Amino acid sequence: MQHIYLTDSPDQNGRKSFELPGAKPHYNPDRPGQVEHIFLDLILDIPRQSYRGTCNIRLNPVRSGIDRLTLDAVSLQIESVQIAGTPQNFDYDGEQLQVRLKDTTEAGKPITLAIAYQVEQPQRGIYFIAPNADYPHKPLQVWTQGEDEDSRYWFPCFDYPGQLNTSEIQVQVPRAFLAISNGELVETREVGDTKIYRWLQQQVHPTYLMTLAVGDFAELQDEWQGKPVTYYVEKGREADAQRTMGKTPQMIEFFSQAFGYAYPYPKYAQVCVADFIFGGMENTSTTLLMDRCLLDERAAIDNRSSETLVAHELAHQWFGDLVVIKHWSHAWIKEGMATYSEVLWIDQEYGAEEAAYYRLGIARNYLTEDSTRYRRPIVTHVYREAIELYDRHLYEKGGCVYHMVRSELGDELFFKAIHTFVQDNAHKTVETIDLLRAIEKATGRNLQFLFDQYVFQGGHPDYKVAYSWDGDSRLAKLTVTQTQAKDGDTSSQSGRFDLKIPIGFGYVEAADALHQPVRHQTFTVRIHEREQSFYFPLEQKPDFVSFDLGNHTLKTVVLEYPVAELKAQLQHDPDPVSRIYAAEALAKKGGLEVVKALSEALVGDRFWGVRAEVADQLATVKLDQALTGLLKGLQDPEARVRRATVEALAALKIEASYAALKQVAEQGDASYYTESAALSGLGATAALDDTKETAVLQLYRSVLQTRSGWNEMVRSGAIAGLSKLKTSEAALSLILEYTAAGTPQALRLSAIRALGAISTGQTNPNLERILSRLAELSRESFFLTQVSTVVALGQMETVKAIGILQTLADQTPDGRVRRLAEESVQKVLKAVEQDQAVSQLQEALEQVKKDNQELRSRLESLEAKAQQP
């Protein structure tokens, strides 16, 4: 039983600890031998959501004399175990299968275990998706999910990534269905009203990458250098499939070149399935994707996440499938590169500015987790469940580390090192040290210093940079402070980073023949103390200063430059990230001069990402002129800028922003996302004026009745808007209505999450309505419903939410939900404590007022008595 932990375990910076109670070191188990081949022979009974069959495992023993084998096998019904037709004795406790061998092993002499088993209504590993009374149009599908350690839930195996084997899956399904698996299809045959598919994966891979997907799919064929590239989707969504995955052959070519190794498998299939519990899963040669990634024509206007999802999962075919991690603690090798491959593809397809801005986005994702959740080393083997490692540190920080390696080596040597790493370790397992060795082998460079700071310990530098110019001596002074470091502490535990950072002094010149109006004079400095000042002799005063030229270092930075230099940087720095940092620094200074500069950038910057960020910064300047400038963003031809403008207007919460948002919400926008943001923001602005509530509620009711569409993006915006009418009982009732089963899944999940947001302003009777509904929802088994329920409960400010959260944490089979629920308990406790502290302060203030009133009364009484004759 899990306990409620009333106190967190903050680190030296006050963050919560990544290691929750129960965390312990994890190691790969002892290896009895090499698994050479796994053959699954299965018969699916889809109506009964069950299957039976045989798992054949050929094992080459590493030593003689082994008399017992221990396999992972959870919630399976084991019927028999045989070797060469001879029954073997076994013990099974529901989690591990202990096979007692009648003949002990001989080193180097393979044996084949034939394990007959069946499974009824499995809860993990293999998923049966079927229509029901609430969702009669849901497709009939079967699919598997092995990562991290869930293959043991659908077949007996040695379930850890250090074992690599070839595999074969033969499956019998209804004749109308397709069955897709790893490798190549080597045989199909019909048996009555069923069909048998046999897939063979001839390259070694770990058990967590073995997969099976079954359904009545539409099949779209493409190819790369003669190899089939296939997309499987629900029938009727063929155009969406082509729109979403159609660039796959170009991506295969690009990554084959980037990684220095031609795509290694006989085919590449992508199967879009319903109710998938991840965005995508890179099973060897057969990726599964959530069907919500499929784009219609309108969604494709400003959705790039589906394209990067396709790129991410494809990149795993090299990093993760061809080169396999030896232990989960090193999963950043594959997830970090898959994340960085999104950047590589964006650069290839859309250009350097797009890639730089995308990289800033992934860095921000990591920085948010680091500042609000916990800090940890990327590589750690201390955890409760391996799935806990799959966070922003693993993905986004890992991707940023790859980029810093690239910056340190330069493009030529970086890709040479990547080629060496992949070629030397193809079809093998690796640890982080193998990447360091490949870098040194290919380039001669030892990057241990970088890995020690960014991979093997947590954190990053937080820089504050001040600049001044001495005209008499023509010296530029830069003072850099690492604000994360302990003042006065020179030990290795001080938190200081030791890095070489390029400083660029920018000069704006008339465009020359090469059309390069900006010239940089560059210096590289070593920043290793908490505070350092650098002096640079320059021929003339620079127009602006670029700290960390190119912004290749994972960091936070606060620029303390004069307004003139910041304006010049915002206007002229070639790097969009530097222009964004300049906009942030300007906004903090405020004033009409700043508003004018930001307003000009909002309409004039060549890159949409900078314009979008400027919109956000304009909203923070509390001047009427800022609103005037901001409104121009609504006319931007780029949908992502319009969306950012709408979100910025919502943050203002004034009458003029309400009017602007209402117009967009009523008239709509070409972009689903912009329209949704307007509907969401409208609630925030309307909440400040009770007279607007009726009109806004009427609009939301109309939207919910008429504007269904792609992934319920627009109607979800209306739900989010309702949740901001925090004191409205009518808004709550409408949200509750859309939490009912039968509501389209995406909309229902939005409504569930919205219950938490609206709860903080509701009366006690309405709080009970919310808690009652969330308690009901917490008993549903679907992963995304559980996540949304936990998110809602985590926003509440009542101790009554804690019991529901703890029960869910105790009962869920998913480690992600369990951890999120336990973290949400702490959030609720903190909110309740703050609320109690505020209540106590209010009570104290009321008592002071009462005491003052009594004192005044006494004084007045005394004065009255004194005036009596």
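For the structure, check the block above.
Residues numbered from 1 in each chain as written. Predicted model: local features only at pLDDT ≥ 70, side-chain atom pairs only at ≥ 80, totals over all residues. Heavy atoms only, no water.

K.L.:
Describe the overall build of the chain, with residues and values.
P.N.:
Broken down by element type, the chain carries 25 helices and 33 strands. Computed over the C-alpha atoms, the radius of gyration of the chain is 30 Å, within 12% of the 29 Å expected from 2.2 N^0.38 for a compact globule of 869 residues. Based on the C-alpha atoms only, the size of the chain along its principal axes is roughly 115 × 75 × 55 Å. Sequence-distant contacts in the chain: of pairs separated by 6 or more residues, those separated by 24 or more amount to 70%. Here the chain displays about 36,400 Å² of accessible surface, and carbon together with sulfur accounts for 48% of that area. Once the 91 positive and 117 negative side-chain charges of the chain are each reduced to a mean point, those two points are 2 Å apart. (Helix = DSSP H or I, 4+ residues; strand = E, 2+ residues; numbered from the N terminus. Rg over C-alpha atoms; globule rule 2.2 N^0.38 Å. Contact = heavy atoms within 4.5 Å. Areas by Shrake-Rupley, 256 points an atom, 1.4 Å probe, with all protein chains shown as cover. Lys, Arg positive; Asp, Glu negative; His and termini not counted. Charge placed at Lys NZ, Arg CZ, Asp CG, Glu CD.)

K.L.:
With reference to specific residues and values, describe the nonpolar core.
P.N.:
Trp332 and Phe547 are the most contacted members of the largest nonpolar core, which totals 265 residues. Contacts of Phe547, omitting those with residues within four sequence positions, involve Tyr463, Val465, Leu478, Val480, Ile501, Pro502, Ile503, Ile527, Lys555, Val557 and Tyr561. (Core = buried A, V, L, I, M, F, W, Y, C linked by side-chain atoms within 4.5 Å. Buried < 20%, exposed > 50% of the residue type's maximum accessible area, 1.4 Å probe, protein only.)

K.L.:
Go over unusual backbone geometry, please, and point to the residues and values.
P.N.:
Among all residues except glycine, the phi angle is most often negative; among peptide bonds, the trans geometry is most common. The step from Glu147 to Asp148 runs through a cis peptide bond, and the omega angle for that step is 5°. Mapped onto the elements of the fold, Asp148 is located in the loop between β12 (141-144) and β13 (165-174). Backbone geometry at Gln49 places phi at a positive 50°, although glycine is not the residue there. Using a relative accessible area of 26% as the deciding quantity, one classes Gln49 as partly exposed. Backbone geometry places Glu712, a non-glycine residue, at a positive phi of 55°.

K.L.:
Describe in detail the environment of Val324, supporting the description with residues and values.
P.N.:
Note on placement: Val324 falls in strand β23 (residues 323-325). Along the primary structure Val324 and Ser64 are separated by 260 residues, whereas in three dimensions their C-alpha atoms are 28 Å apart.

K.L.:
Tell me about the packing of helix α2 (residues 248-258) against helix α4 (residues 332-350), and name the residues and values.
P.N.:
In a pair of packed helices, the angle between the axes and the distance between the axes together describe the arrangement. The N-to-C vectors of α2 and α4 enclose an angle of 110°; their axes lie 11 Å apart at closest approach. Classified by the interaxial angle, the pair formed by α2 and α4 is roughly perpendicular. For the pair α2 and α4, contact is made by Gln250, Met251, Phe254 and Phe255 and by Ser341, Leu344, Trp345 and Gln348, respectively. (Axes fitted to C-alpha atoms, helices over the stretch in contact; angles between N-to-C directions. Parallel < 35°, antiparallel > 145°, perpendicular 65-115°, else oblique.)

K.L.:
Any details on helix α11 (residues 576-589)? Residues and values, ideally.
P.N.:
Because an α-helix completes one turn every 3.6 residues, residues spaced three or four positions apart along the sequence face the same direction. In this model α11 runs 20 Å from its N-terminal to its C-terminal C-alpha over 14 residues, within 8% of the 20 Å that 1.5 Å per residue would give. Of all 14 residues in α11, 11 are buried, a share of seventy percent or more. Listed in full, the buried residues belonging to α11 are Pro576, Val577, Ser578, Arg579, Ile580, Tyr581, Ala582, Ala583, Ala585, Leu586 and Ala587. For α11, the secondary structure elements touched by its buried residues are α5 (352-372), β33 (556-560), α10 (563-572), α12 (592-604) and α13 (608-618). Sitting at the amino-terminal end of α11 is Asp575, which places a side-chain oxygen 3.1 Å from the backbone nitrogen of Val577. The positive-phi residue at the C-terminal boundary of α11 is Gly590, with phi of around 70°. (Expected span 1.5 Å × (residues − 1). Polar contact = N/O pair within 3.5 Å; in protein donor to acceptor, adjacent residues only side chain to side chain.)

K.L.:
Got a sec to walk through the sheet that holds strand β29 (residues 499-508)? Specific residues and values, please.
P.N.:
If you walk across this open sheet you meet the 3 strands as β30-β29-β32, and the pairing is antiparallel. Two strands lie at the open edges of the sheet, namely β30 (518-527) and β32 (544-547), each paired on one side alone. For this sheet, the mean inter-axis angle between neighbouring strands, taken without regard to orientation, is 25°. The pairing of β29 with β32 spans 4 bridges and is classified as antiparallel. The residue of β32 that forms the bridge with Gly504 is Ser546. Packed onto the sheet, α10 meets β29, β30 and β32 and runs at close to 70° relative to β32. (Pairing = 2+ DSSP bridges.)

K.L.:
An account of the pairing of strand β22 (residues 286-290) is needed here, citing residue identities and associated values.
P.N.:
Along any regular strand, the residues point their side chains to alternate faces of the sheet. Among the 5 residues of β22, 4 are classified as buried, and the element is accordingly described as predominantly covered. Examined bridge by bridge, strand β21 (residues 280-281) and β22 share 2 bridges and lie antiparallel to one another. Residue pairing across strands places Met281 opposite Leu288, the latter belonging to β22.

K.L.:
Please set out the packing of aromatic side chains residue by residue, giving values where relevant.
P.N.:
Counted under the stated rule, the structure contains 36 aromatic pairs. With centroids separated by 6.5 Å and ring planes inclined at 85°, the aromatic side chains of Trp224 and Tyr263 adopt a geometry described as edge-to-face. Taken together, the positions of Trp224 in strand β18 (residues 217-224) and Tyr263 in the loop between α2 and β20 (268-273) put the pair 39 residues apart, joining distant regions of the chain. The exposure class assigned to Trp224 is buried, which follows from its relative accessible area of 8%. For Tyr263, a relative accessible area of 3% gives the class buried. Taking the centre distance of 6.2 Å and the plane angle of 65° together, the rings of Tyr390 and Tyr395 count as edge-to-face. Its relative accessible area of 16% is what places Tyr390 among the buried residues. Above the ring of Phe18, the side-chain terminus of Arg376 is found at 5.0 Å from the ring centroid. (Phe/Tyr/Trp six-rings, centres within 6.5 Å; stacked < 30°, edge-to-face > 60°. Lys NZ or Arg CZ within 6 Å of the ring centre and 35° of its normal.)

K.L.:
Outline the pattern of salt bridges, supporting the account with residue identities and numerical values.
P.N.:
Scanning all chains against the criterion turns up 62 salt bridges. Among the salt bridges present, the one from Asp240 reaches Arg237, with a minimum N-O distance of 3.1 Å. On the basis of relative accessible area, Arg237 is assigned to the partly exposed category, the value being 24%. The partner of Glu353 in a salt bridge is Arg579, and the shortest N-O contact between them spans 3.3 Å. Here Arg579 lies in helix α11 and Glu353 lies in helix α5, a separation of 226 residues in the sequence. Arg579 gets classed as buried once you look at its relative accessible area, which sits at 1%. (Salt bridge = Lys/Arg side-chain N within 4 Å of Asp/Glu carboxyl O.)

K.L.:
Before we move on, could you go through the sheet that holds strand β14 (residues 178-181) and cite the residues and values that matter?
P.N.:
Here 4 strands make up an open sheet; going across it, the order is β11-β12-β17-β14 and the pairing antiparallel. Looking along the sheet, the strands with just one partner apiece sit at the ends: β11 (126-129) and β14. Averaged over all neighbouring strand pairs, the angle between strand axes comes to 15°, with direction disregarded. Judged from the 3 bridges that link them, β12 and strand β17 (residues 212-215) form a sheet pairing that is antiparallel. Considered in β17, the bridge of Val142 is made with Val214.

K.L.:
Which residues make up the packing of α11 against α13, and what values go with them?
P.N.:
The N-to-C vectors of α11 and α13 enclose an angle of 10°; their axes lie 10 Å apart at closest approach. The pairing of α11 with α13 is recorded here as roughly parallel in orientation. Contacts from Pro576, Arg579, Ile580, Ala583, Glu584 and Ala587 of α11 reach α13 at Gly609, Val610, Glu613, Val614 and Gln617. When grouped by side-chain class, the residues that make up the contact of α11 with α13 number 6 nonpolar, 2 polar and 3 charged. (Nonpolar A, V, L, I, M, F, W, Y, C, P; charged D, E, K, R; others polar.)

K.L.:
Outline the side chain of Glu353, listing residues and values.
P.N.:
Only 3.3 Å separates the side chain of Glu353 from the side chain of Arg579, close enough to count as a polar contact. Residues within four places of Glu353 in sequence aside, it is in contact with Pro574, Pro576, Arg579, Arg606 and Phe607.

K.L.:
I'd like a description of the state of the cysteines, backed by residues and values.
P.N.:
Taken as a whole and assessed by the stated rule, the structure comprises 0 disulfides. Of the cysteine sulfurs around Cys157, a residue in no disulfide, the closest is that of Cys55, at 7.2 Å. Judged by relative accessible area, which is 0%, Cys157 ranks as buried. (Disulfide = S-S within 2.5 Å.)

K.L.:
Quick rundown of the pairing of strand β28 (residues 475-482)? Include the residues and the values.
P.N.:
Summarising burial for β28: 6 of the 8 residues are buried, a large majority. Relative to β28, strand β27 (residues 462-470) is paired through 8 bridges, and the arrangement is antiparallel. In the sheet register, Tyr467 faces β28, and the bridge partner there is Leu478. Counted between consecutive antiparallel strands, the loop separating β27 from β28 contains 4 residues, among which Arg474 sits at a positive phi close to 50°.

K.L.:
Got a sec to walk through helix α16 (residues 655-667)? Specific residues and values, please.
P.N.:
For α16, built from 13 residues, the straight-helix expectation of 18 Å at 1.5 Å per residue is met to within 8% by its first-to-last C-alpha distance of 18 Å. Burial in α16 covers these residues: Ser657, Tyr658, Ala660, Leu661, Val664 and Ala665. Within α16, the buried residues cover an arc of 170° as seen down the axis, which keeps them to one side. Elements in contact with the buried residues of α16: α14 (624-631), α15 (639-652), α17 (672-686) and α18 (693-706). After α16 finishes, the residue Gly668 shows a positive phi value of roughly 85°. (Arc of directions from axis to C-beta.)

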